[in-house]
There are 6 protein chains.
Amino acid sequence: MQSVYLEDIDAETYAAYVSQPHATVIIPAGATEQHGPHMPLGVDAMLSRAISGAVAEKLGALVAPTLSYGYKSQPRSGGGNHRVGTTSLSGATLTGQVEDIARSFMAQGFTKVVILNGHFENYQFIYEGLEVAVGRARETGADARAMLLSYWDFVGEETLEAVFPDGFLGWDIEHGGVLETSLMLLLHPSKVDMSRAVDHPPALLKPYDIFPEDPARTPASGCLSSPRGASADRGRLLLDAVVDGVASAIEAEYSLPVAVLGVK
Amino acid sequence: MQSVYLEDIDAETYAAYVSQPHATVIIPAGATEQHGPHMPLGVDAMLSRAISGAVAEKLGALVAPTLSYGYKSQPRSGGGNHRVGTTSLSGATLTGQVEDIARSFMAQGFTKVVILNGHFENYQFIYEGLEVAVGRARETGADARAMLLSYWDFVGEETLEAVFPDGFLGWDIEHGGVLETSLMLLLHPSKVDMSRAVDHPPALLKPYDIFPEDPARTPASGCLSSPRGASADRGRLLLDAVVDGVASAIEAEYSLPVAVLGVK
Amino acid sequence: MQSVYLEDIDAETYAAYVSQPHATVIIPAGATEQHGPHMPLGVDAMLSRAISGAVAEKLGALVAPTLSYGYKSQPRSGGGNHRVGTTSLSGATLTGQVEDIARSFMAQGFTKVVILNGHFENYQFIYEGLEVAVGRARETGADARAMLLSYWDFVGEETLEAVFPDGFLGWDIEHGGVLETSLMLLLHPSKVDMSRAVDHPPALLKPYDIFPEDPARTPASGCLSSPRGASADRGRLLLDAVVDGVASAIEAEYSLPVAVLGVK
Amino acid sequence: MQSVYLEDIDAETYAAYVSQPHATVIIPAGATEQHGPHMPLGVDAMLSRAISGAVAEKLGALVAPTLSYGYKSQPRSGGGNHRVGTTSLSGATLTGQVEDIARSFMAQGFTKVVILNGHFENYQFIYEGLEVAVGRARETGADARAMLLSYWDFVGEETLEAVFPDGFLGWDIEHGGVLETSLMLLLHPSKVDMSRAVDHPPALLKPYDIFPEDPARTPASGCLSSPRGASADRGRLLLDAVVDGVASAIEAEYSLPVAVLGVK
Amino acid sequence: MQSVYLEDIDAETYAAYVSQPHATVIIPAGATEQHGPHMPLGVDAMLSRAISGAVAEKLGALVAPTLSYGYKSQPRSGGGNHRVGTTSLSGATLTGQVEDIARSFMAQGFTKVVILNGHFENYQFIYEGLEVAVGRARETGADARAMLLSYWDFVGEETLEAVFPDGFLGWDIEHGGVLETSLMLLLHPSKVDMSRAVDHPPALLKPYDIFPEDPARTPASGCLSSPRGASADRGRLLLDAVVDGVASAIEAEYSLPVAVLGVK
Amino acid sequence: MQSVYLEDIDAETYAAYVSQPHATVIIPAGATEQHGPHMPLGVDAMLSRAISGAVAEKLGALVAPTLSYGYKSQPRSGGGNHRVGTTSLSGATLTGQVEDIARSFMAQGFTKVVILNGHFENYQFIYEGLEVAVGRARETGADARAMLLSYWDFVGEETLEAVFPDGFLGWDIEHGGVLETSLMLLLHPSKVDMSRAVDHPPALLKPYDIFPEDPARTPASGCLSSPRGASADRGRLLLDAVVDGVASAIEAEYSLPVAVLGVK
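This one's a predicted model, so the numbers in the text were calculated from it and none came from an experiment. (Residues numbered from 1 in each chain as written. Chains lettered and ligands numbered in written order. Predicted model: local features only at pLDDT ≥ 70, side-chain atom pairs only at ≥ 80, totals over all residues. Heavy atoms only, no water.)

1. What about the overall build of chain A?
Piece 1. The helix and strand tally for chain A stands at eight helices and seven strands.
Piece 2. Radius of gyration (C-alpha) of chain A: 19 Å, near the 18 Å computed for a compact globule of 264 residues.
Piece 3. The principal-axis extent of the C-alpha atoms belonging to chain A is close to 50 × 40 × 30 Å.
Piece 4. For chain A, with 264 residues in total, the buried portion stands at 65%.
Piece 5. Summed over all atoms, the accessible surface of chain A reaches about 8,700 Å², with 53% contributed by carbon and sulfur.
Piece 6. Charged side chains of chain A number 18 positive and 32 negative; the gap between the two group centres comes to 2 Å. (Helix = DSSP H or I, 4+ residues; strand = E, 2+ residues; numbered from the N terminus. Rg over C-alpha atoms; globule rule 2.2 N^0.38 Å. Buried < 20%, exposed > 50% of the residue type's maximum accessible area, 1.4 Å probe, protein only. Areas by Shrake-Rupley, 256 points an atom, 1.4 Å probe, with all protein chains shown as cover. Lys, Arg positive; Asp, Glu negative; His and termini not counted. Charge placed at Lys NZ, Arg CZ, Asp CG, Glu CD.)

What follows is the structure, given as structure tokens:
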């Protein structure tokens, strides 16, 4: 296959791939959400797609079209759903989307499905969709299996120390910060404008949510920490750690023989 | 703005755009569906996105991330949902997706929403989502409006005659045929392999549906008519007709002053 | 059985019928919708019920109670949901109704279900309900099958030429026009008042939908073309064509031995 | 108007009616359910429609198309959903149907909606639909009101004594018994075959439900008490009591000036 | 086990219990609803939980956590949902809760589930949830069974005569009356304040519902009949009758060997 | 009021409370879930209820009946939904329950609603329900506000150091560990049996989920870390920290004048 992105390949090539015992499909899940003045709205979708692609190349897997819209952004992890630029799904729609798509892949013959998440708030609603999809598929006798992961959970201590030499303050404030900005500088440098990056102290997040949201709880930039310190080099460290970790986990769970399935 | 695709622009630029009275967002709706051995699975998503982009450039509108998965393919218009390569949503999920996204854009301030459809089977489920979204938004006092269209409905008689010199046999059998192939040859030539195109007579469609589907009702190629005769030149005729027609309709309905909003 | 309408027969007779291998149930799907000043609101329900009855008599099938309410009328096929006299269901309710009723018939032993549609806007939502119902029934081991059709799709070229000697302008503008009026003049003459029919040129439909609907897009009469030219004789031509075509299709798909099942 | 059934009247006459301050629409709710060997499957739909018609004539109201399918029959009131001949809706579908239809009538201008129920098991699901419909309509500023009733709740002590001279044993066992049979003998005599009526003691109902249902809990006839004693004369007593009671209740709640609205 | 309430026992003891062939779980269903000035809002939840506990002790069953919120209170059985103090669920949520919980118990191995209802308005929505849960569990091969009952349906004629020496006026007006008050005086005496009980004639209920509710239809006290005459002694008569009746019914349906399963 | 638990107070006292400007209702959300051999299944429900009660006493707030069933337990935070003893809701049901109950309290006049969560997996589904409930209530003009919190997010660094002198290993493995056990030893000592506590190293959690769950991923005890080290004294430290923190947050957000509202 010339591409790991399934939208680019034809139905016959695809059918031949699915019929292999180790066929694996990775579905990237992102969001359309503000990421400050220095990065575009599509960061979560772009990163989950690119990371899925890198993992797929390593494993000989296919990448499905990205879920481009995500669950409502929350002030404690993404700035909040009230910010202009953030376009969201309800929980039921996101869950339904995952259930439908996972079951559709399983009906075509896939027994190995992975969802690679790139937007914190999505996780539980995707979990529910996958749980139902796998349960229903297995009721009908299919040998269906699925995995769900958020890519940042594969960044280890060593990488964190290299990327955050002054100390890592926690994933919750990484929205629009060093992690995402570094990965974007590596993967989509033309879509980042560091001259517009706002340098401010990390947001002091309150340990609860309020409704309706209070705009004053989110920094004016929309980022929860400063992207200063982001670089393509750090993006490379992060990407390598994530791709290695995710690929290893999928191999281990699905017993994939990498060499056989490799793209070329 | 450097791009009409909103995932590429930052939140501040986006917010400035939305605050303009004539701000318009176009949401492309496609599918992930087999299109024969000569074209990739993403044809409907790619075409609706590209056409939306061309319309947006003309109007100074923005294009939202594409709805990449569509309603179940049917034998009378797309070959059928049983074909490997076709990954579909239920009606409720597609409707929910449209309702959520349209309402989310309206909540950010958009009063002019357009959905440009590129997969026949989507239409009624999108209609339902838009009808509810606009109704709910207006209940809360918003001056929300929306339009829904399928791009091929803007190809006029004259263009049909030029593209189908031997006579046009109807939209229903155009799945994977001259229309889509010509547009792909123009817009994504590297993703079409005409050497793999299968030349066969048009499918003789029965005027009803059966459940479960009968695979024998769809030609083995997955296309409902032959792509022979497709060319990038014909794609240009089709694209120009569609973009002109759609842009004019949006201008007329939304009273858009094109010059002011133009990308440049 | 004295009647093909199952509401008229008793449970024991019904049970004996269902236990036959060729037992077939036809469910008419209509709407409650304005049809101009010369016809009643129940046209779609009345026609789908009467045509189902004629088909059932020919095949020895039973007709279930009509789905009297349909999906929202659209300006491009029925005048629009904003017209007084049009009372509609949401897509989800119509789909749920079809799913519940089809599954209920299958649970009683029917393996041959037909839905005969008489309201354009219903089709996709019925499709979704049938698709799910058959899929679920088959998961539990039932040999369930279903068919879905709109009656006008069985009017052939020859009939169209006889009924529309000045040329047929397309099904989309037939709402309240010659087709429906002729069938009503044949089947329910007392419910048509041709003295109130409005003669006007065919509606010029735009190739897209807008929300909220613009009442000015629909002719004041509520009909999309003139009923002038309608007659009971033409109704007979249409009915014969439809009943023959539908009955043949059901026979072919379900291998029905007509003589055995005939009502008498 | 020539008919109280709105499916029989045209849109202009209907629109004129709706615009009157006292316009009232009655929606009959029935079921498709076995009623023993002596009565047809459509009893609940037929009776609710006929009674609604009689009430409407008295009040000058309109009758909407009947809800012909009802909630699952239960052994303690209708024999049970497992009986062949009983075709049912889920609770959510019935509720959705009521909500959609009631809101659709309210959107056309009706402020006075009545649902007249003829199938015991429907009541709570209709209640939920009406409660939501009226609440939503009032949120948008409409002066919407609704009533819900089951017709047998209007049979008073005196009538009971006349109809059941040997003592009335309770509504729960009236399924297929004297009440329904008498009304059918009056209103649809040709659809009753008393020679097939089975005379057996009243069913001894247990005060609880079990799942899955136990067919042995329902008498073989499908009726919960004997129809012996049914007659058209008793049907007349019952009908008069019901129609008077229901009409009076509607008049009182909706302050209807009977003389003005009368059909004639 | 030291307790019949499963929230009080540990997972290992619970697992050992579930693995027994006669393991039975009783789920109490109540409401949070006004019960006049002399009783607390939790009456329905408290009574269904206490009665379930007494039945469980007799049978060696376990009692699940109570469903503390119920379906909307209605004027004809509970005063109405508009009363301050009444906090309710929609029908769909209550049905979903029952379906989820019943299926979850069945997935853990329970084949004998009972729901003991203490709030009139809940019954049909619980029925729907149980019907679906048992059907789905059985589709997957489980030998699942369920029972549904309202506790007052087990009070026989003899008990009624003892508790209501002046004549029993019907269950519909028992909300906040002698039945519930007597049981509370027995089971939770500290939560009843008879000095605040209001003595008034029984409510004259109309035989229909209206929307929106008319507060004037409910007595100011919120009770539909006077609690005068309530006493702990009468509570004992009622409780004994109910516990005996319910336990016998469960034993009979589930063939439970009481001695073996007893708590001690 | 004699109790902060609203199920214990009567409707008139409740109505008087709700009419105060500072009336606040706290809804505890728990689960029914295995917590190892040394603790009962109801831990999450018991702790969220008790903590809510302590906060309510401090603030003069009321505590609503606990949501006793929670979202599906996950291996990375609660051991997993496959463990016997874990009885769960789907995401949609939990969201619906929160939406219904929150809206019901708002309809009675509460403008200050708090949900205090005690089961990790619940959070996002409660968030969705509250977000919708507040949005809908505000659409109808109500001045509704809500807060959502998980109690352990209020345990500060200092308390962690006192409770975990050997170092705190993270909230994710606290299921059935020192935190919950200490609080239970303080609040419900008779329901804890430390002699059955299993001492094992903390679970090594994988950074992703798989479907279907792999029982081997959870320690045999069902706890993710050892409860050794738990004590009522440490429970007191934890409780004081949580109650102070939560009460302060509610006071600050809702501007509550504590002295006025205090229970005494």
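After that view, the rundown keeps rolling.
2. Comments concerning the packing of helix α3 (residues 91-108) of chain D against helix α4 (residues 123-139) of chain D
Residues and elements named next belong to chain D.
Piece 1. Relative orientation of the contacting elements α3 and α4 amounts to 35°, with a least axis distance of 8 Å. You can see that α3 and α4 cross each other, and the crossing is right-handed. Mapping the contact onto sequence places Gly91, Leu94, Thr95, Val98, Glu99, Ala102, Arg103 and Met106 in α3 and Phe125, Ile126, Glu128, Gly129, Leu130, Val132, Ala133, Val134, Arg136 and Ala137 in α4.
Piece 2. Looking at the contact of α3 with α4 residue by residue, the classes come out as eleven nonpolar, three polar and four charged. (Axes fitted to C-alpha atoms, helices over the stretch in contact; angles between N-to-C directions. Left-handed = near helix turned anticlockwise from the far one by under 90°. Contact = heavy atoms within 4.5 Å. Nonpolar A, V, L, I, M, F, W, Y, C, P; charged D, E, K, R; others polar.)

3. Structural notes on the pattern of salt bridges
Side chains that differ in sign of charge can pair as their charged atoms come close.
Piece 1. Using the criterion set out here, one finds 96 salt bridges over all chains in the structure.
Piece 2. Across the salt bridge formed by Lys58 of chain A and Asp244 of chain A, the nearest N and O atoms sit 2.4 Å from each other. Note that Lys58 of chain A is positioned in helix α2 (residues 43-59) and Asp244 of chain A in helix α7 (residues 232-254), a separation of 186 residues in sequence.
Piece 3. Among the residues examined, Lys58 of chain A registers a relative accessible area of 37% and is labelled partly exposed.
Piece 4. Given the relative accessible area of 39%, Asp244 of chain A is considered partly exposed.
Piece 5. Here Glu139 of chain A ties to Arg136 of chain E by a salt bridge, and the two come within 3.3 Å at their closest N and O atoms. One end of the pair, Glu139 of chain A, is in helix α4 (residues 123-139); the other, Arg136 of chain E, is in helix α4 (residues 123-139), on a second chain.
Piece 6. The class of Glu139 of chain A is partly exposed, set by a relative accessible area of 34%.
Piece 7. Among the residues examined, Arg136 of chain E registers a relative accessible area of 12% and is labelled buried. (Salt bridge = Lys/Arg side-chain N within 4 Å of Asp/Glu carboxyl O.)

4. Overview of the relation of the copies chain B and chain C
Piece 1. When chain B is fitted to chain C, the best match, at an RMSD of 0.0 Å, comes from turning it 180° and sliding it 0.0 Å along the axis. Here the symmetry operator amounts to a two-fold rotation axis.
Piece 2. Looking at chain B, 100% of its interface residues are interface residues in chain C too, so the copies touch through the same face. (Least-squares fit on C-alpha atoms with pLDDT ≥ 70 in both.)

5. Regarding the interface of chain B and chain C
Piece 1. Chain B puts 38 residues into the contact, and the matching count from chain C is 38 residues.
Piece 2. Sorting the residues of chain B by area buried against chain C places Gln124, Tyr127 and Phe211 of chain B first, and these three jointly supply 26% of that buried surface.
Piece 3. Where Glu131 of chain B meets Lys72 of chain C, a salt bridge forms, and the shortest distance between an N and an O atom there is 2.9 Å.
Piece 4. Our count for the chain B to chain C interface comes out at 26 residue pairs in polar contact (both at pLDDT 80 or more).
Piece 5. Looking at the side of chain B that touches chain C, the elements with two or more residues in it are α3 (91-108), α4 (123-139), β6 (145-150), β7 (209-211) and α7 (232-254) of chain B.
Piece 6. A total of ten residues in the side of chain B that touches chain C trace back to one element, the largest contributor, which is α4 of chain B. (Buried area = accessible area lost by both parts, 1.4 Å probe. Polar contact = N/O pair within 3.5 Å; in protein donor to acceptor, adjacent residues only side chain to side chain.)

6. Here we look at the confidence of the model for chain A
All names here are of chain A.
Piece 1. On average, residues of chain A carry a pLDDT of 95, and 97% of them reach 70 or more.
Piece 2. Counted against residues more than four places away or in other chains, residues 259-264, with its pLDDT under 50, gives eleven contacts.
Piece 3. With a pTM of 0.97, the predicted complex shows an ipTM of 0.96. (pLDDT = per-residue confidence, 0-100.)

7. Some words on the arrangement of the chains
Piece 1. Across the gap from chain A to chain D, with no contact made, the nearest C-alpha atoms are 17 Å apart.
Piece 2. Note that chain C does not reach chain F: the shortest distance linking a C-alpha of one to a C-alpha of the other is 17 Å.

8. Here's the deal with the packing of α2 of chain A against α7 of chain A
Residues and elements named next belong to chain A.
Piece 1. The geometry of α2 relative to α7 is characterised by a closest axis approach of 9 Å and an angle of 50° between their N-to-C directions. On the basis of the axis angle, α2 is oblique to α7. As α2 runs across α7, the sense of the crossing is right-handed. Here α2 contributes Ile51, Ala54, Val55, Lys58 and Leu59 to the contact with α7, which in turn contributes Leu239, Val242, Val243, Asp244, Val246, Ala247, Ile250 and Glu251.
Piece 2. Tallied by class, the residues present in the contact of α2 with α7 amount to ten nonpolar, no polar and three charged. (Parallel < 35°, antiparallel > 145°, perpendicular 65-115°, else oblique.)

9. What to know about the nonpolar core
Piece 1. Counting residues in each nonpolar core, the largest one holds 486 residues, and the members touching the most others are Ile250 of chain A, Ile250 of chain B, Ile250 of chain C, Ile250 of chain D, Ile250 of chain E together with Ile250 of chain F.
Piece 2. If we skip the residues at most four places from it in the chain, Ile250 of chain D touches Ile26, Val55, Leu59, Val114, Met147, Ser255 and Leu256 of chain D. (Core = buried A, V, L, I, M, F, W, Y, C linked by side-chain atoms within 4.5 Å.)

10. Brief notes about the sheet that holds strand β1 (residues 25-29) of chain A
Piece 1. Strand order in this open sheet of five strands is β2(A)-β1(A)-β5(A)-β6(A)-β7(F), and the pairing throughout is mixed. With partners counted over all chains shown, the strands left at the sheet margins are β2 (62-63) of chain A together with β7 (209-211) of chain F, one partner each.
Piece 2. Here strand β5 (residues 112-117) of chain A pairs with strand β6 (residues 145-150) of chain A via six bridges, running parallel. Bridged to Leu116 of chain A within β6 of chain A is Leu149 of chain A.
Piece 3. Strands β1, β5 and β6 of chain A together with β7 of chain F of the sheet are contacted by α4 of chain A, whose axis makes an angle of about 175° with β6 of chain A. (Pairing = 2+ DSSP bridges.)

11. Focus: the relation of the copies chain A and chain B
Piece 1. Superposing chain A onto chain B takes a rotation of 180° combined with a translation of 0.0 Å along the rotation axis, leaving an RMSD of 0.0 Å.
Piece 2. Of the residues that chain A buries at the interface, 100% are likewise interface residues in chain B, meaning the two copies contact each other through the same surface.

12. Describing the interface of chain A and chain B
A common measure of how large an interface is: the accessible area buried when the components associate.
Piece 1. Listed by partner, the interface residues are 44 residues for chain A and 44 residues for chain B.
Piece 2. A buried area of about 3,300 Å², summed over both sides, lies between chain A and chain B, and 57% of it is on carbon and sulfur atoms.
Piece 3. Looking at the side of chain A facing chain B, the largest losses of area belong to Leu41, Tyr69 and Val84 of chain A, adding up to 17% of the total buried there.
Piece 4. Taken together, the links from chain A to chain B amount to six salt bridges.

13. Overview of the environment of Ser77 of chain E
All names here are of chain E.
Piece 1. Inspection of the secondary structure assignment puts Ser77 in the loop between β3 (70-71) and β4 (88-89).
Piece 2. A relative accessible area of 14% means that Ser77 is categorised as buried.
Piece 3. Once the C-alpha coordinates of Ser77 and Glu121 are considered, the two residues, 44 residues apart in sequence, prove to be 7.5 Å apart.
Piece 4. Ignoring anything within four residues of it in the chain, the contact list for Ser77 reads Phe120, Glu121, Asp172, His175 and Leu224.
Piece 5. Side chain to side chain, Ser77 and Glu121 meet in a polar contact 2.8 Å long.

14. Digging into the pairing of strand β5 (residues 112-117) of chain E
One face of the sheet, then the other: side chains in a regular strand alternate in exactly this way.
All names here are of chain E.
Piece 1. For β5, a buried count of six out of six residues is recorded, marking the element as mostly surrounded by other parts of the structure.
Piece 2. Alternating positions in β5 separate into two faces, Lys112, Val114 and Leu116 on one and Val113, Ile115 and Asn117 on the other, with burial throughout.
Piece 3. Relative to β5, strand β1 (residues 25-29) is paired through five bridges, and the arrangement is parallel. The residue bridging Pro28 from the neighbouring strand is Leu116, located in β5.
Piece 4. Between β5 and its parallel partner strand β6 (residues 145-150), the chain crosses via α4, and the hand of that crossover is right-handed. (Right-handed = clockwise from strand over helix to strand, strands pointing away.)

15. Things to note about helix α7 (residues 232-254) of chain F
Residue and element names in this part refer to chain F.
Piece 1. When the terminal C-alpha atoms of α7 are compared, their 32 Å separation across 23 residues agrees well with the 33 Å that a helix rising 1.5 Å per residue should span.
Piece 2. All buried positions along α7 are accounted for by Gly235, Leu238, Leu239, Ala241, Val242, Val243, Val246, Ala247, Ala249, Ile250, Glu253 and Tyr254.
Piece 3. Ser255 sits one or two residues past α7 and shows a positive phi near 50°. (Expected span 1.5 Å × (residues − 1).)

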